Structures are given as C-alpha cells and as structure tokens.
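Survey of secondary and tertiary structure
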Amino acid sequence: MDLVPPRARGRRGRTDATPLRDGPSPRPRAVTPPAARLLRAARRLSLPAAALACGLFLPGCQGLDVPFAQWRAGRDKGLVRPLTDEEKAASASSKLEDPRTLLGRWLNPAGSNAPEESKATSTSPASRSGSSLILGSDGWRPMMRPKPNPEADKELQEALALFKQGKFPEAEAACKAVAKSRKGTHWGETAQFYLAESQYQQKKYVRANDSFERLIADYPGTEFRDKLVSREYALAQIWLAQSDPNAKPEAKLAWYTHFTGEQPLLDTRGTGLKALEHVRHHDPDGALADDAAFEIAEYHKKSGDYESAAIYYDQLVESHPKSPFVQKAQLEGIDVRLKGYLGPEYDGSGLVKARELVYQTTKTFPDRQASLDGLFHTLDLINDAEAEKCFNVGAYYKRAGYVPAAEFYFGKIPQRWPTSPWAVKAKTELAALAKMPRKPTVPSKIMSQPGANDPYFGGGAGGGAGGGMGGMGMGMPMPGGMG
C-alpha cells in the first residue's frame, strides 16, 4: 500500500487548480472560454449526449463511467421510496392526536385519529383492540391471517411449478401475471420474487435487477430480503467485473450482451455501483453490507475520488466494527487522505484526520504491531506536511511585512515538530526576522479582550489588557504607547 502523498511523486493532482502565491489560501483556476462554452452546451443536452461530449472533447474527464455513476447516485429513487398520493391523503387529518403515554401508543397505534364510523360499525378484531395491529410491509394492519383464496393459491402454485421444472420463460410470464393481479398480498409478493428469479436464471440481469427493486419497493418488509440482497450483490459483481482488468476471462461478457439484457446499454460500472448501494441500504446489518461498503470505497479510490472513498471507509469502520475489513479500511482511509492532500497551499484537514486514524489503528490492533510499522513512517510524512504548511504561512506574513505574525508561525515549528527538517529552516527565518523593522499595527476589533480600551473609539489606549493580538503571541506594537 502506497502511503506517500502525491506531492512527493511529482506533485500529482495539481492540474485542477492554481495555488495563490502570495497567501495561504488557494485560488481556483479560471475555466478557459472554450471549455466553459462546451460545458454550457452540455447542460442543454440530454444525459448521454452530455456525457459523450465530456468523454470526447474534454481532456480532464475520466471517461463515461464516473459521470454516469455520479448522476445515478444523485438521482437514485430506489434507496428511499417516495410517498404516494394515497399515502399522503391517508396521513392528512384535521383532528389533532390526543396526548398519550408510551404504553397507550403501544397498545393502540391507531390512536384517536381513526374515523368514528369505523370505530362504531367495524366488527374486525382491529377495531375492538388496538393491540391487534401490527406494522407490516404496507403499514399498520390487523394481526390476522389473510382469507383463503383457492384461485390465487392455484395460480401461484402453477407458476412455481413451471419455475421448478426449469421452464423459466413460461414461469416468468405466469409470475408476472400473478404479481400484477395479486399485488399487495403475499401471493403477489411471492410471485414478484420468482419473477425476478426467472429473469435471473435466463440471464436477463437488467430486468431481474429492476424486478428485485420492485419487490423491495412494494413490499419493504418482504420475507425474501436475504435472497434479494444476495442476488443484487451477485449482479454487482458481474457488472463491475467488466471494467476490472484483473477479472478472470470467464467473468467477461461479450460486447453484444449490452443488447441482450445481460448488462446495461450504458454505464455498466455505474449500475454495478448502484446495486452495491442498494445492498447496503436494503440490509444495513446484513452479512454483505460491509463487503458492499468496502467495494464502493475501492471504486472511488480507483476513480481518483479520494474524498468519497474516505467517507465510505469511515462508514465501514463506524457501522461494522467487527468486520474483517476494519483494519484494511483504516489503513486505506489514511492512504486516500494523504493522496487527496494537494500541498501546503491547500486545506489540511485531511492530514488531521489521517493522524487520528493512525492513533486509532494502533490502539484498535495492539497485537498487530508488526504489520503497522509503516504507520510510524506515515506519521513522519504527516508531520513534515503540516510543518511545511505552517512554514509557508509564516513566509507569507514575512513577505507581507507582518513580522510578529511571521515569528509566531516560524516559532511554532521548532516547538511542535522539532525533528522535522522544516524546524532548521524556521530557526534560520527567525534569526532573519529579528533584524527586520516592526510596523505599528492596530489590533483587530473583534480580537479586543473584554475591558480593554478600544483603539477605534475612545481616543487612544492608556492601559488595559493590551488588545487581543497579544493573546495570540503576535507581540505587535499598540498605538498610544501600548507596545
């Protein structure tokens, strides 16, 4: 595993922005007029046309996989099912719910918002006792078995018999009819699952994935959740293998399978990534949730999206502390943060998080110190990077003529990073600053301590606490003899 920051290997990753030379804050590079016109034109096109224009004409784009994957992730409605008009109408009520205790809400989930006529006329067990309601896949419903329906049983058994006989095309048609006519019942739920299974056995992977998503959308509490999640994970492996150079030859699909339904027409890799996201969300505590999170993080790392990769690595460590991927996720989280660090002119919050992960990893696995020796070298790299960033801030204040501020940052380096090579350079700069003249400066108004004389109002300072900048160790001369 490579833990060396990209700036140590030729400052890779500096092509997307230009650092500000006279200040510690970066300034993004302006987009050239031709590229800007092309991007504005791409927004008016459809998604495939925009992605094609990006892939063909912009040298900075990473092909079609990453744009499509990001577009799909932002507009994926399969993760959270939106409310239907019927559900919105059912939730509307002009009557306020009476305040109830926790026991009352548990015994009577329907509460006092139930219609009065239904309370008076209904003879079902649900109307006689609120505790007979259970939370099912379609909301609160009576805790009773469905009424016998020999016709529905016969239709379902005939469809399942075709599936067991291996007649998958006929089983697909039969299950589709039952799932449509018996929607909202356990017959429709079973038929919907075997419809997806029939399509999967015929290698109609795209349709099978859609059918599995329809199953979890219509029946959130389905009893086939484990099988559904395992199938979606298998589909993700099939589609992600198409762009994996290390995949086995037998895992590769022919080019014409884009038109036979084995893989999507466009963005096969992004569709596989979407399937992994659904694995995590459909069964967050399942056996495959940590595998899916780790593979998603690896995808973003290979794509160069180090920020997204770090997020998924952190989620894996926090949500699955007993996963076998925890140690590797921590090490990879350190790696992607170092690779995402662009240099001393840019944000250094990733270095702080990387340092925390180093300490966390050594504490989590104290019995594996032999495999963690590289972390001490990584910690030295983080220290050098932070010292360089502090040195650059001090150099900026020196060029701007703020000698006390420059002394503060240069003096911070030998104290915090005494073994860093930047400590020697900082001492040299401190010796040079001692010979430079100091300019009188007015302290910042917001930094003035309570009770101190305000240099902006009151006609000078004659005592007090000496302003606010002195509290920071700046040592700037104050007007009116305060310096």
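Residues numbered from 1 in each chain as written. Predicted model: local features only at pLDDT ≥ 70, side-chain atom pairs only at ≥ 80, totals over all residues. Heavy atoms only, no water.

1. Observations regarding the environment of Y359
- By the element assignment, Y359 lies in helix α17 (residues 349-364).
- Residue Y359 is classed as partly exposed on the basis of its relative accessible area of 40%. (Helix = DSSP H or I, 4+ residues; strand = E, 2+ residues; numbered from the N terminus. Buried < 20%, exposed > 50% of the residue type's maximum accessible area, 1.4 Å probe, protein only.)

2. Remarks on the UniProt feature "repeat: TPR" (unreviewed entry) in the protein chain
- Here, UniProt's "repeat: TPR" (unreviewed entry) annotation points to residues 290-323.
- End C-alpha to end C-alpha, residues 290-323 measures 7 Å, and it is 79% helix and 0% strand. (UniProt positions renumbered as here; feature names shortened; annotations may be inferred.)

3. Description of the confidence of the model for the protein chain
- Residues at a pLDDT of 70 or more form 60% of the protein chain, whose mean pLDDT is 74.
- Every residue in residues 112-131 is under pLDDT 50, and counting partners more than four places away or in other chains gives 25 contacts.
- With pLDDT under 50 throughout, residues 458-483 is counted as low confidence; its partners more than four residues away or in other chains account for 46 contacts. (pLDDT = per-residue confidence, 0-100. Contact = heavy atoms within 4.5 Å.)

4. A word on the packing of aromatic side chains
- In total, this model carries 16 aromatic pairs according to the counting rule given.
- Note on F193 and F212: the rings are 6.3 Å apart at their centroids and 55° apart in plane angle, and the pair reads as tilted. Taken together, the residues span a long stretch of sequence, with F193 in helix α10 (residues 186-201) and F212 in helix α11 (residues 205-218) at a distance of 19 residues.
- Here the aromatic rings of Y397 and Y409 are separated by 5.7 Å at their centres, their planes lie at 15°, and the arrangement is stacked. Residue Y397 is located in helix α18 (residues 373-400), and its partner Y409 is located in helix α19 (residues 403-416); the two are separated by 12 residues in the primary sequence.
- Overall, the relative accessible area of 24% leaves Y397 in the partly exposed class.
- The partly exposed category is assigned to Y409, whose relative accessible area is 22%.
- An aromatic cluster of at least three residues, connected via ring pairs, comprises F163, F168, F193, Y194, F212 and F224. (Phe/Tyr/Trp six-rings, centres within 6.5 Å; stacked < 30°, edge-to-face > 60°.)

5. A word on a nonpolar patch on the surface
- A contiguous nonpolar surface patch, about 650 Å² in accessible area, is contributed by W255, Y256, F259, L265 and L266.
- In this structure, L266 sits in the loop between α12 (225-240) and α13 (268-282). (Patch = residues over 30% accessible without salt bridge, like charges linked within 9 Å, V, L, I, M, F, W, Y side chains within 5 Å. Areas by Shrake-Rupley, 256 points an atom, 1.4 Å probe, with all protein chains shown as cover. Salt bridge = Lys/Arg side-chain N within 4 Å of Asp/Glu carboxyl O.)

6. Quick word on α18
- Along its 28 residues, α18 runs 42 Å from first to last C-alpha, staying within 8% of the 40 Å computed at 1.5 Å per residue.
- One or two steps after α18, the chain reaches G401, where phi turns positive at roughly 90°. (Expected span 1.5 Å × (residues − 1).)

7. What about the pattern of salt bridges?
- By the definition in use, this model includes 13 salt bridges.
- In this structure, E151 engages R182 in a salt bridge whose closest nitrogen and oxygen atoms are separated by 4.0 Å. Here R182 lies in the loop between α9 (168-181) and α10 and E151 lies in helix α8 (residues 150-164), a separation of 31 residues in the sequence.
- Residue classification places E151 among the exposed positions, given a relative accessible area of 53%.
- For K183, the salt bridge identified is with D218, shortest N-O distance 3.9 Å. Placement of K183 in the loop between α9 and α10 and of D218 in helix α11 is noted, with a sequence separation of 35 residues between them.
- Look at K183 and you get exposed, because its relative accessible area is 54%.

8. Digging into the environment of P437
- Mapped onto the elements, P437 comes out in the segment after α20 (421-433).
- Judged by relative accessible area, which is 66%, P437 ranks as exposed.
- Distance from P437 to Y402, taken between C-alpha atoms, is 9.8 Å for residues 35 residues apart in sequence.

9. Side note on the side chain of T361
- As for its placement among the helices and strands, T361 is situated in helix α17.
- At 2.7 Å, the side chain of T361 forms a polar contact with the backbone oxygen of L357. (Polar contact = N/O pair within 3.5 Å; in protein donor to acceptor, adjacent residues only side chain to side chain.)

10. A closer look at helix α15 (residues 306-319)
- Taking 1.5 Å per residue as the helical rise, α15 with its 14 residues ought to reach 20 Å, and the 20 Å between its terminal C-alpha atoms agrees with that figure.
- Among the residues of α15, S308, A309, A310, Y312, Y313, D314, L316 and V317 are the ones counted as buried.
- Packing partners of the buried residues in α15 comprise α13, α14 (289-302), α16 (326-339) and α17.

11. Description of the nonpolar core
- Ranked by size, the top nonpolar core spans 36 residues in total, and within it Y205, F212, L215, L228, L276 and Y313 carry the most contacts.
- When contributions to this core are tallied by element, the ones reaching two or more residues are α10, α11, α12, α13, α14, α15 and α16.
- Among the elements that take part in this core, α12 stands out by supplying eight residues, more than any other.
- In this structure L276 touches Y233, A236, Q237, L240, A292, E295 and I296, once residues within four positions along its chain are discounted.
- Within the second largest apolar cluster, 13 residues are counted, among which are A387, F391, W417 and A426. (Core = buried A, V, L, I, M, F, W, Y, C linked by side-chain atoms within 4.5 Å.)

12. Let's talk about the packing of α8 against α10
- Closest axis-to-axis distance for the α8/α10 pair is 11 Å, and the angle between their directions is 15°. Between α8 and α10, the angle is such that the two are roughly parallel. In the packing of α8 onto α10, the handedness of the crossing is left-handed. Where α8 approaches α10, its residues A152, D153, L156, L160 and F163 are matched on the opposing element by W187, T190, A191, Y194, E197, S198 and Q201.
- Looking at the contact of α8 with α10, its residues break down into seven nonpolar, three polar and two charged. (Axes fitted to C-alpha atoms, helices over the stretch in contact; angles between N-to-C directions. Parallel < 35°, antiparallel > 145°, perpendicular 65-115°, else oblique. Left-handed = near helix turned anticlockwise from the far one by under 90°. Nonpolar A, V, L, I, M, F, W, Y, C, P; charged D, E, K, R; others polar.)

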